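Geometric and topological summary
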Amino acid sequence: MKLAIFAALVSAAAAFTAPQAVKQSTALNADAGRREFFGTAAAAAIGAFGVAAPASAVVDYEALAYLGGSNVVDLNNANVRVYLKMPGMYPTVAGKIVSNGPYASVADVYKIKGLTEAEKEVLKKYESRFAAFTPSPDYVIDRINNGLYR
């Protein structure tokens, strides 16, 4: 696709240039013509690709696996539905976790106001499966409601 666009650009630009005098080609000046052609082609390629630099956007979140695709769950970015995999967590404890973040460490989850002793025991049961990464705006917004309905 990029090659087709590049070819269209080159042919469109060539249509607006003035015709030049045709040189006679002989064996003596064939090397000079080839050198000139490749020099011009290299300059055009550098100009075309140098202008259109690739985007440097973040394509994937580095901790994407911790949003529900592995045994470890990111407390700061994972959606409430991830806790369905952990019996006893969803909906009560999971709702409290996603509603009271962000957490600097996994231990901060025990500081949630209103946690009962039974809920703290459930948290302790799954504590080894928790991680606290830096909150990402792309995922924090959907922690409570990600729009998935039955």
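Further up the page is the structure itself.
Residues numbered from 1 in each chain as written. Predicted model: local features only at pLDDT ≥ 70, side-chain atom pairs only at ≥ 80, totals over all residues. Heavy atoms only, no water.

What to know about a nonpolar patch on the surface
Convention followed: Patch membership needs two things, relative accessible area over 30% and no salt bridge, and members are linked within 9 Å if like-charged or within 5 Å if nonpolar (Val, Leu, Ile, Met, Phe, Trp, Tyr). Note on areas: Shrake-Rupley, 1.4 Å probe, and residue coverage restricted to the protein chains presented here. Basic side-chain nitrogens of Lys or Arg form a salt bridge, by our definition, when they fall within 4 Å of a carboxyl oxygen of Asp or Glu. The secondary structure listing takes helices from DSSP runs of H or I that are at least 4 residues long and strands from runs of E that are at least 2 residues long, numbered from the N terminus. Each residue gets one of three labels from its accessible area relative to the maximum for its type: buried under 20%, exposed over 50%, partly exposed in between, using a 1.4 Å probe on protein chains only.
Together, Met-1, Ile-5 and Leu-9 line one region of the surface with nonpolar side chains, adding up to about 380 Å² of accessible area. Turning to its location among the elements, Leu-9 is positioned in helix H1 (residues 2–15). Overall, the relative accessible area of 56% leaves Leu-9 in the exposed class.

Topic: the side chain of Asp-74
This is how it is decided: Pairing of N or O atoms within 3.5 Å defines a polar contact, subject to two protein rules: one partner must be a possible hydrogen donor and the other a possible acceptor, and residues neighboring in sequence count only if both atoms are side-chain atoms.
Its location among the elements puts Asp-74 in strand E1 (residues 73–74). Here Phe-133 takes part through its backbone nitrogen, which lies 3.1 Å from a polar atom of the side chain of Asp-74.

Considering the nonpolar core
So the rule is basically this: To qualify as a nonpolar core, a set must consist of buried Ala, Val, Leu, Ile, Met, Phe, Trp, Tyr and Cys residues joined through side-chain atoms within 4.5 Å. We call two residues contacting when some pair of their heavy atoms lies within 4.5 Å.
If you look at the biggest cluster of nonpolar residues, it comprises 21 residues, and the most contacted ones within it are Leu-75, Tyr-83, Met-89, Ile-97, Leu-123 and Phe-130. Residue contributions to this core peak at four residues, all from helix H3 (residues 92–99). Discounting chain neighbours no more than four positions away, the residues touching Leu-123 are Met-89, Val-93, Ile-97, Val-109, Tyr-110, Leu-115 and Phe-130.

Thoughts on helix H4 (residues 117–126)
The test is simple: Here the arc refers to the directions that run from the helix axis out to each C-beta atom.
Burial in H4 covers these residues: Glu-119, Val-122, Leu-123 and Tyr-126. Projected onto a plane normal to the axis of H4, the buried residues spread over an arc of 100 degrees and lie on a single side. In this structure, H4 carries Glu-117, Glu-121, Lys-124 and Lys-125 as exposed residues pointing more than 90 degrees from its buried face. Those residues of H4 that are buried are in contact with H3 and strand E2 (130–131).

Side note on the packing of aromatic side chains
Note the threshold: Pairing of aromatic rings covers Phe, Tyr and the six-membered ring of Trp, with a centre-to-centre limit of 6.5 Å; geometry is then stacked below 30 degrees between planes, edge-to-face above 60, and tilted otherwise.
In total, this model carries two aromatic pairs according to the counting rule given. Judged by centre distance (4.9 Å) and plane angle (35 degrees), the rings of Tyr-66 and Phe-133 are tilted. Placement of the pair is Tyr-66 in the loop between helix H2 (30–51) and E1 and Phe-133 in the loop between E2 and helix H5 (137–140), with a sequence separation of 67 residues. Ring geometry for Tyr-83 against Phe-130: centres 6.4 Å apart, planes inclined by 65 degrees, an arrangement best described as edge-to-face. With Tyr-83 in the loop between E1 and H3 and Phe-130 in strand E2, the pair connects residues that are 47 residues apart, well separated along the chain.

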